[in-house]
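One-letter residues, chain by chain:
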Amino acid sequence: MANTESLENVVLELRRGVITLAALSQLGTEQYGYSLLKQLSDLGLEVDQGTLYPLLRRLEAQGLLESVWKLEEARPRRYYVISAEGKKILPKMKKEWAGIVSVMDKMLA
Amino acid sequence: MKLIDRYVTEVSKRLPLVKGRKDIENELRSTMEDMLEDRAQKSGKPADEAMEIELLKEYGAPQKVAETYNPTPYLIGPRLFPMFIMVLKIVVAAVTLAMTVVTIIQIVTLYPMTGMEVLKVIGEGLLNIVSASIGGFGNVVLVFALIERFAPAAEIKMDEDEKWDPTSLMKEPEPSDIKPWEPILAIVFLFIVMSIFNFNRQFLSLSYSDHAVWFIGFGDFVADKQGSIPLFSAAFFRWLPLMNAAWLVEIILNGMLIRSGRWDISTRLLSIGVKVLQIVINVLLLTGPFILGFTVEGLTAIHLDAETAQVIFSAMKQGMPILLGLGIFGSVVEIIKTGYKAITQKQSVGA
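A. Expanded view of the overall build of chain B. Helices and strands together make up the secondary structure of chain B, namely 13 helices and three strands. The 351 residues of chain B split such that 17% are buried. The contacts of chain B with a sequence gap of at least 6 include a subset with a gap of at least 24, amounting to 69%.

What follows is the structure, given as structure tokens:
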């Protein structure tokens, strides 16, 4: 029981670390929160809405994302898109990620 | 959709006072409506209340959802916590010291007073220390909580890394390890002292025997004893409860040293506490009546001639305040040394 809980926590920590990169990488075209959530899920990354929405707000506060409210199907939706600043740091983050993957692959081989 | 609206209102009530609160509400509502619509499409029937309930259950308690939007879920976060603890210790120590000094001054200025009055002043002093420490704690928490809340992270950089110089490790550190026999010896000695002062006062006497020798203690065990006078007066034993307290704390301190095998922050702070108590006792002894049991008459009764008795009495009377004064000075020096070691140890641990 304790082992399962520990494993879940570790997996959660691992995922949490990559959500920022995942979200930024998918917001080249504008998307609202739920569509992004579904897209990430379709690609294999299950993210809790309680994690994603506050993260999107933080990234916007940091200037990495921009958002705008749009009225669609009689429902207002907040659309997010990567900002100029976000576009600048995304390649660096990708490079960093590639480095981590390469190192971890070597370690875990 | 009624339930979703009510749910959003419940979440909103619990949201921290952040900018864009309305935005959060709208986004939450819109997302939940999207999710509900999605589920309705998948199930092939229109969304109903049961579906809403299922969705809300999955989304979780409003409090939990609101917490995810809290940018600082701490009263005092990890960024400020080490500094908070350091300031808190300093404030509580300073308040305790100040209140102790105030109590001593009260005792000295109100002297002479009965035992009960002294106990009352000491009791009030202890209560003042507790209430002032709680007040100090509250103020420090308030200040740090306000800094945490309103000072942007960028403005308070914990630049320990920039300041810290690895070459500082080249300086030989003060040895913190202690030999195990030292605290054991100290405890044994303290027990002997406590036992003598509390239960075997006959050892605290100056006696004269038939063999024309004076000796301290063991008065009751010498058959040919001619006369005996106590070493300490009643004024001295009035403060015995306080002395017992100091000795007990010192025994506890040595017990902690045996367990840990080295000086650390808590043992150093306790050691400072013992020294403060010793200063208090020395001040009380210094400002009260003569603490030795000698009188000229008593000294002549144990076969000293009148002139020698007078000289010894005068020397003791004048010498004792000097001895007590030196004791106080020594304790102050020890407090400064121990405080310095505690701070430097803290810094090296922190670094």
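The structure having been displayed, the exposition proceeds.
B. Structural detail: the overall build of chain A. The helix and strand inventory of chain A stands at four helices and three strands. Every one of the 109 residues in chain A was classed for burial, and the buried ones make up 20%. In chain A, of all internal contacts separated by at least 6 residues, the share reaching a separation of at least 24 is 45%.

C. Focus on the interface of chain B and chain A. The partner chain A presents 10 residues to the 11 residues of chain B that form the contact. Considering each element in turn, the side of chain B that touches chain A owes the most residues, seven residues, to helix 2 (residues 21-43) of chain B. Here the residues of the side of chain B that touches chain A are counted per class, giving three nonpolar, five polar and three charged.

D. Fine view of the confidence of the model for chain A. Taken residue by residue, chain A gives an average pLDDT of 90. The fraction at 70 or more is 98%. Per-element confidence in chain A is highest for helix 4 (residues 84-108) of chain A, whose mean pLDDT is 95, and lowest for helix 1 (residues 2-26) of chain A, whose mean pLDDT is 86.

E. Layout of the nonpolar core. In terms of nonpolar packing, the biggest core is built from 27 residues, with Ala23, Leu27, Leu56 and Leu65 of chain A together with Met32 of chain B touching the most fellow members. Contributions of two or more residues to this core are made by helix 1, helix 2 (33-42), helix 3 (49-61) and strand 3 (75-82) of chain A together with helix 1 (2-14) and helix 2 of chain B. Broken down by element, the residue count for this core peaks at five residues, all from helix 2 of chain B. For Ala23 of chain A, the contacting residues outside a window of four places in its chain are Leu36, Leu55, Leu56 and Leu59 of chain A. Membership of the second largest hydrophobic core comes to 10 residues, among which are Ile107, Met243, Ile279 and Val280 of chain B.

F. Layout of the pairing of strand 3 of chain A. Residues and elements named next belong to chain A. Pairing analysis gives two bridges linking strand 1 (residues 31-32) to strand 3, with the strands arranged antiparallel. Within strand 3, the residue paired with Gln31 across the bridge is Tyr80. Where strand 2 (residues 65-72) and strand 3 come together, eight bridges link them in antiparallel fashion. Bridged to Leu65 within strand 3 is Ile82.

G. Main features of the sheet that holds strand 3 of chain A. With respect to topology, three strands assemble into an open sheet ordered 1-3-2 (chain A), the strand pairing being antiparallel. Two strands bound the open sheet, and with one partner strand each, they are strand 1 and strand 2 of chain A.

H. Representation of the confidence of the model for chain B. Residue and element names in this part refer to chain B. On average, residues of chain B score 79 in pLDDT, and 82% of them are at 70 or above. When mean pLDDT is taken per element in chain B, helix 3 (residues 49-59) scores highest with 89 and strand 2 (residues 214-216) scores lowest with 53. Taken as a whole, residues 218-223 scores under 50 in pLDDT and shows nine contacts with residues more than four places along the chain or in a different chain. Note on the complex model: pTM 0.49, ipTM 0.81.

I. Seen up close, the environment of Phe81 of chain B. Positionally, Phe81 of chain B belongs in helix 5 (residues 81-110). Among the residues examined, Phe81 of chain B registers 13 C-beta atoms within 10 Å and is labelled partly exposed.

J. Here's a closer look at the packing of helix 1 of chain B against helix 3 of chain B. Residue and element names in this part refer to chain B. For the pair helix 1 and helix 3, interaxial distance at closest approach is 9 Å and the crossing angle is 25°. The angle between helix 1 and helix 3 falls in the class roughly parallel. Mapping the contact onto sequence places Leu3, Ile4 and Tyr7 in helix 1 and Glu49, Glu52, Ile53 and Leu56 in helix 3.

Reading guide: rules and limits
- Residues numbered from 1 in each chain as written.
- Chains lettered and ligands numbered in written order.
- Predicted model: local features only at pLDDT ≥ 70, side-chain atom pairs only at ≥ 80, totals over all residues.
- Helix = DSSP H or I, 4+ residues; strand = E, 2+ residues; numbered from the N terminus.
- Buried ≥ 20, exposed ≤ 12 C-beta atoms within 10 Å, placed from the backbone.
- Contact = placed C-beta atoms within 7 Å.
- Nonpolar A, V, L, I, M, F, W, Y, C, P; charged D, E, K, R; others polar.
- pLDDT = per-residue confidence, 0-100.
- Core = buried A, V, L, I, M, F, W, Y, C linked by C-beta atoms within 7 Å.
- Pairing = 2+ DSSP bridges.
- Axes fitted to C-alpha atoms, helices over the stretch in contact; angles between N-to-C directions.
- Parallel < 35°, antiparallel > 145°, perpendicular 65-115°, else oblique.

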